[in-house]
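Chain by chain, the residues run as shown.
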Amino acid sequence: MLRVIHEAFAHRRHVDPPPAALADTVTDIEHALEVGHGVCAVVDGEVVACLLVELHGPVATLRRVSVSPGAAGGGLARALAEAAGELAATLGGRRVELLTRREFPELVTWWQRHGFTVVREEPDGYILGRDLPVVVDILTTEFMQELGERIAEVLRPGDVLVVDGELGAGKTTLAQGLGRGLGITGPVISPTFVISRVHRSLDAGPHLVHVDAYRLGDAAELSDIDLDASLADSVTYIEWGRGKAEWLAEDRLEIDILRSTDPTTELRTVRLTGVGQRWEGALETLREHT
């Protein structure tokens, strides 16, 4: 870990004073792991990326986020941050924060693209943070629909939900509960062949725009169906949206539905990740009932 930290921080352009990470010793890393935790990415038996995690009450602080220069550009930094967030959540954390020096505005921008917002300014730079995902285990179709109803309670016009999960994971089942919670008309079925379907609200609530992006190749094809026209007044729910729909809204709710690898159970794990200021604290009512 120390080797990766030194390589990563030495590879950045020179700043004054130099990063404290360059003065770290093996003893420093050992102590950090004794009082906190670490996350590493290992390729062919070699550590190529790592970070340290310190948990103080509900807030997990990320330190020494490092990717070896030879492994940069492969999504390891994002994977590390996500793994650290999942670790912090299992330890009882509710938020994750980190410090980025003001000399590296490109790093601030990178973290903002991945859902972090500037929390406050410090003498050395900026503290960025985001709420940790809400993770819910679901055993039945009925529970999945109930989760959709609970999510609907925190939604408002303009919200975009980007949903991912393999075939049969329960994306449309969740949408059915969402529609029930929003009080929309008509049955909610997967719009696989029509791509997009609008469900009208029975009252003054937002309409539900249900999109299935499975047959769409990329974000450009999604833009062709002109979702912009309905975004402000509706809740937009996009199945198979990962990598295609993020451009629709900087503030969005990302939902990942994971099936258990155990063939004897119907267990699904639903991970709800709020991205942007709109979602700061918005999922706490769901977290309290998990």
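Residues numbered from 1 in each chain as written. Predicted model: local features only at pLDDT ≥ 70, side-chain atom pairs only at ≥ 80, totals over all residues. Heavy atoms only, no water.

*Asks:* Mind laying out the overall build of the protein, listing which residues take part and the relevant values?
*Replies:* Looking only at helices and strands, the protein features 9 helices and 13 strands. Relative to the compact-globule value of 19 Å for 290 residues, the protein shows a C-alpha radius of gyration of 21 Å, a close match. Counting only C-alpha atoms, the protein reaches 65 × 45 × 35 Å along its principal axes. Across the 290 residues of the protein, 47% fall into the buried class. Within the protein, contacts between residues separated by at least 24 positions form 62% of all contacts whose residues are at least 6 apart in sequence. Put simply, the protein has 28 plus and 45 minus side-chain charges, and the middle of one group is 1 Å from the middle of the other. (Helix = DSSP H or I, 4+ residues; strand = E, 2+ residues; numbered from the N terminus. Rg over C-alpha atoms; globule rule 2.2 N^0.38 Å. Buried < 20%, exposed > 50% of the residue type's maximum accessible area, 1.4 Å probe, protein only. Contact = heavy atoms within 4.5 Å. Lys, Arg positive; Asp, Glu negative; His and termini not counted. Charge placed at Lys NZ, Arg CZ, Asp CG, Glu CD.)

*Asks:* How would you sum up the sheet that holds strand β9 (residues 196-199)? Please name residues and give values.
*Replies:* Taken in spatial order, the 7 strands line up as β7-β13-β12-β8-β11-β10-β9 in an open sheet, and their pairing is mixed. Two strands lie at the open edges of the sheet, namely β7 (134-138) and β9, each paired on one side alone. For this sheet, the mean angle separating the axes of adjacent strands, direction not counted, is 20 degrees. Summarising the sheet, strand β10 (residues 207-212) and strand β11 (residues 234-239) pair through 6 bridges and their orientation is parallel. (Pairing = 2+ DSSP bridges. Axes fitted to C-alpha atoms, helices over the stretch in contact; angles between N-to-C directions.)

*Asks:* Describe the packing of helix α5 (residues 141-152) against helix α6 (residues 171-182), with residues and values.
*Replies:* Two measures define how a pair of helices packs: the angle their axes make with one another and the distance between the axes. At a closest axis distance of 7 Å, the pairing of α5 and α6 adopts a crossing angle of 45 degrees. The pairing of α5 with α6 is recorded here as oblique in orientation. Considering the relative orientation of α5 and α6, their crossing is right-handed. Together, Thr141, Met144, Gln145, Glu146, Leu147, Gly148, Glu149, Ile151 and Ala152 of α5 and Thr173, Leu174, Gln176, Gly177, Leu178, Arg180, Gly181 and Leu182 of α6 make up the contact between the two elements. Partitioning the contact of α5 with α6 into residue classes produces 7 nonpolar, 7 polar and 3 charged. (Parallel < 35°, antiparallel > 145°, perpendicular 65-115°, else oblique. Left-handed = near helix turned anticlockwise from the far one by under 90°. Nonpolar A, V, L, I, M, F, W, Y, C, P; charged D, E, K, R; others polar.)

*Asks:* Explain the pattern of salt bridges to me, using residue names and the numbers behind them.
*Replies:* Counted by the stated rule, this structure contains 22 salt bridges. Of the charged contacts in the structure, one is a salt bridge between Glu46 and Arg3, with a shortest N-O distance of 3.4 Å. Linking Glu46 in strand β2 (residues 46-56) with Arg3 in helix α1 (residues 2-11), this pair joins segments that are 43 residues apart in sequence. Here Arg64 ties to Asp24 by a salt bridge, and the two come within 2.7 Å at their closest N and O atoms. Of this pair, Arg64 sits in strand β3 (residues 59-67) while Asp24 is found in the loop between α1 and α2 (26-35), placing the two residues 40 residues apart along the sequence. Side by side, Arg64 and Asp24 carry an identical accessibility label, which is buried. (Salt bridge = Lys/Arg side-chain N within 4 Å of Asp/Glu carboxyl O.)

*Asks:* Could you give an account of the side chain of Asp256, naming the residues involved and the relevant values?
*Replies:* Relative to the helices and strands, Asp256 is located in strand β12 (residues 252-259). Engagement of the side chain of Asp256 in a polar contact is seen with the side chain of Arg242, the distance being 2.8 Å. Dropping the residues within four chain positions of it, Asp256 is found in contact with Asp164, Arg242, Thr269, Val270 and Arg271. (Polar contact = N/O pair within 3.5 Å; in protein donor to acceptor, adjacent residues only side chain to side chain.)

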